[in-house]
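Below are the chains, spelled out letter by letter.
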Amino acid sequence: MKHRRDFFNRGRRPKISVVIPVFNESTNVLKVVERLNGVFRKMSYDYEAIFVDDGSSDSTVDVLKGVHELNPRIHYIELSKNFGHQNALKAGIDTANGDCIISMDGDLQHPPELLPQFIAKWEEGYDIVYSRRKDSDSNSLYKNATSNMFYRIVNKMSEVKLEQGTADFRLIDRKVADILIQFNEIEPFIRGIIKWVGFSQYAIDYTPEDRFAGKSKYSLKKMTKLAVQGITSFSIRPLYTAVVVGFIFSAMSVLYLPYVLYSVYSGHAISGWASIMMTIVFFGGLQITIMGIIGIYVGKIFLQTKLRPNYIIKNTSLTSRQDDLIKF
């Protein structure tokens, strides 16, 4: 495994890019910048922080513009609307030009003070250093339960296996970032892609801090959508599951045939209108569910063929990289 201290041996300071997607985080931005500056002040690295505003409706962009004027290392990308966390994250990765890129959330639940540990492992030669969140006592039972359920469902139904607590708090080497930039799939599931690409990876456990201000933007609805996105991005197992379920219930219906034949030959009327209606409703619902699963995959194919960009940039402080900003 190649040691990366040769950056310093060649007389060049490595550059660290920190990508931070934000959505209505105006009350958190200044604190994030303060703690990042405190971390890098103690380290021998050049760095840049790229905040990607994902269509905020508050004053997040105005705060970022003010911070950039005071500190040219702090950049911002303003997307034209809300494209979703994963697309905002990809926008930051696409534009960052550091020797390695660290992604983290803008609510300070990902502690910036952990960055030196990430960088130390990167210096040892690891291409990807990712985090594993340990459930905090401050988290609600609902939060912990939904998080655990998310990973169980994704791992059960997807080809890619994610470790419990894996999140978008990670470091990737430049060569990994260059590969991610080439991905143009609709609805990217980046934590799954990171696992899929391989390379040498190292996990660091951490306990999330409490949110500094504001409320979490990840509702149960968004968590469910992310799970579906992850499953359908890396596996066609739901389609096979639908076939198996359909076959099982078709086989079970054969068990009803002896009763029907007995009723016909014995002259008994086939009673049970309620049970028949329940059966019709059940199998009707099952068929709709299976069609819905197929429809999700067909819909993803439909969207992919349009070749629309994952995001559109409205404004940015990265003027020197203007030509590379919109990725399809």
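Here the structure is shown first, and the text comes after it.
For clarity, every value in this text was computed on a predicted model and none was experimentally measured. (Residues numbered from 1 in each chain as written. Predicted model: local features only at pLDDT ≥ 70, side-chain atom pairs only at ≥ 80, totals over all residues. Heavy atoms only, no water.)

Trainee: Explain helix α7 (residues 174–182) to me, please; I cannot follow it from the model alone.
Mentor: Count 3.6 residues to each turn of an α-helix, and residues three or four apart come out pointing the same way. Those residues of α7 lying buried are Arg 174, Val 176, Ala 177, Leu 180 and Ile 181. Here the buried residues of α7 occupy an arc of 155° about the axis, which is enough to place them on one side. (Buried < 20%, exposed > 50% of the residue type's maximum accessible area, 1.4 Å probe, protein only. Helix = DSSP H or I, 4+ residues; strand = E, 2+ residues; numbered from the N terminus. Arc of directions from axis to C-beta.)

Trainee: What is the right way to look at the environment of Gly 92 in this model?
Mentor: Inspection of the secondary structure puts Gly 92 in helix α4 (residues 85–95). Judged by relative accessible area, which is 0%, Gly 92 ranks as buried. Sequence separation between Gly 92 and Tyr 76 is 16 residues; the distance between their C-alpha atoms is 9.2 Å. Other than its neighbours up to four places away in sequence, Gly 92 contacts Val 19, Ile 50 and Val 52. (Contact = heavy atoms within 4.5 Å.)

Trainee: Help me understand the nonpolar core in this model?
Mentor: A general trend in soluble globular proteins is that nonpolar side chains are found buried together. With 35 residues, the main nonpolar core has Ile 16, Leu 36, Phe 51, Leu 115 and Ile 119 as its most contacted residues. Broken down by element, this core gets its largest block of residues, 6 residues, from helix α2 (residues 29–40). Dropping the residues within four chain positions of it, Ile 16 is found in contact with Phe 40, Tyr 45, Asp 46, Tyr 47, Glu 48, Cys 100, Ile 102, Ile 119 and Trp 122. Counting residues in hydrophobic clusters, the runner-up holds 27 residues, among them Ile 50, Ala 91, Ile 172 and Ala 203. (Core = buried A, V, L, I, M, F, W, Y, C linked by side-chain atoms within 4.5 Å.)

Trainee: Just checking my understanding: could you explain the pairing of strand β6 (residues 166–173) for this structure?
Mentor: Where a strand is regular, its side chains alternate between the two sheet faces. Taking burial as the measure, the 8 residues of β6 include 8 buried ones, the bulk of the element. Strand direction decides the pairing type here: strand β4 (residues 100–103) and β6, joined by 4 bridges, are antiparallel. Paired with Ile 101 across the strands is Ile 172, a residue of β6. By the bridge criterion, 4 bridges tie strand β5 (residues 128–133) to β6 in an arrangement that is antiparallel. Residue pairing across strands places Val 129 opposite Leu 171, the latter belonging to β6. (Pairing = 2+ DSSP bridges.)

Trainee: What is the right way to look at the packing of aromatic side chains in this model?
Mentor: Centre distance and the angle of the planes are the two values used to describe a pair of aromatic rings. A full pass over the atoms with the stated rule returns 5 aromatic pairs. Relative to Tyr 47, the ring of Phe 40 lies with its centre 4.3 Å away and its plane at 5°, an arrangement referred to as stacked. In this structure, Phe 40 and Tyr 47 share a single accessibility class: buried. Here Phe 183 and Trp 196 contribute two aromatic rings whose centre-to-centre distance is 6.1 Å and whose plane-to-plane angle is 85°, an arrangement assigned as edge-to-face. With Phe 183 in the loop between α7 and α8 (190–197) and Trp 196 in helix α8, the pair connects residues that are 13 residues apart, well separated along the chain. (Phe/Tyr/Trp six-rings, centres within 6.5 Å; stacked < 30°, edge-to-face > 60°.)

Trainee: Even after reading the chapter, I still don't get the pairing of strand β2 (residues 46–53), so can you show me in this structure?
Mentor: Of all 8 residues in β2, 7 are buried; the element is thus mostly enclosed. With respect to chirality, the unit in which strand β1 (residues 15–22) leads through α2 into the neighbouring parallel β2 is right-handed. Summarising the sheet, β2 and strand β3 (residues 74–79) pair through 5 bridges and their orientation is parallel. Pairing of Ile 50 across the sheet is with His 75, part of β3. (Right-handed = clockwise from strand over helix to strand, strands pointing away.)

Trainee: When you look at unusual backbone geometry in this model, what are you seeing that I'm missing?
Mentor: Leaving glycine out, the prevailing phi sign among residues is negative, and the prevailing peptide bond configuration is trans. Look at Asn 24: it is not a glycine, yet its phi comes out positive at around 55°. Residue classification places Asn 24 among the partly exposed positions, given a relative accessible area of 21%. The phi dihedral of Phe 199 falls on the positive side, at around 65°, and the residue is not glycine. Examined against the element boundaries, Phe 199 turns out to sit in the loop between α8 and β7 (201–206). For Phe 199, a relative accessible area of 36% corresponds to the partly exposed category.

Trainee: Even after reading the chapter, I still don't get the side chain of Arg 35, so can you show me in this structure?
Mentor: Position of Arg 35 relative to the elements: it lies in helix α2. In terms of polar contacts, Arg 35 uses its side chain to reach the side chain of Glu 113, at 2.6 Å. (Polar contact = N/O pair within 3.5 Å; in protein donor to acceptor, adjacent residues only side chain to side chain.)

Trainee: Just to check I follow, could you spell out the sheet that holds β6 for this structure?
Mentor: The pairing of strands in a sheet comes from backbone hydrogen bonds and takes either a parallel or an antiparallel form. The 8 strands are arranged β7-β5-β6-β4-β1-β2-β3-β8 in an open sheet whose pairing can be described as mixed. Each edge of the open sheet carries a strand with a single partner, namely β7 and β8 (313–316). Averaged over all pairs of adjacent strands, the angle between strand axes in this sheet comes to 20°, irrespective of strand direction. In this sheet, β8 lies alongside β3 in antiparallel orientation, the contact comprising 3 bridges. Paired with Ile 77 across the two strands is Thr 316, which belongs to β8. Against the sheet, helix α3 (residues 60–70) engages β1, β2, β3 and β8, with an angle of about 150° to β3. Packing against the sheet, α7 makes contact with β4, β5 and β6, and its axis sits at approximately 115° to β6. (Axes fitted to C-alpha atoms, helices over the stretch in contact; angles between N-to-C directions.)

All we've got here are geometric facts, nothing functional implied.
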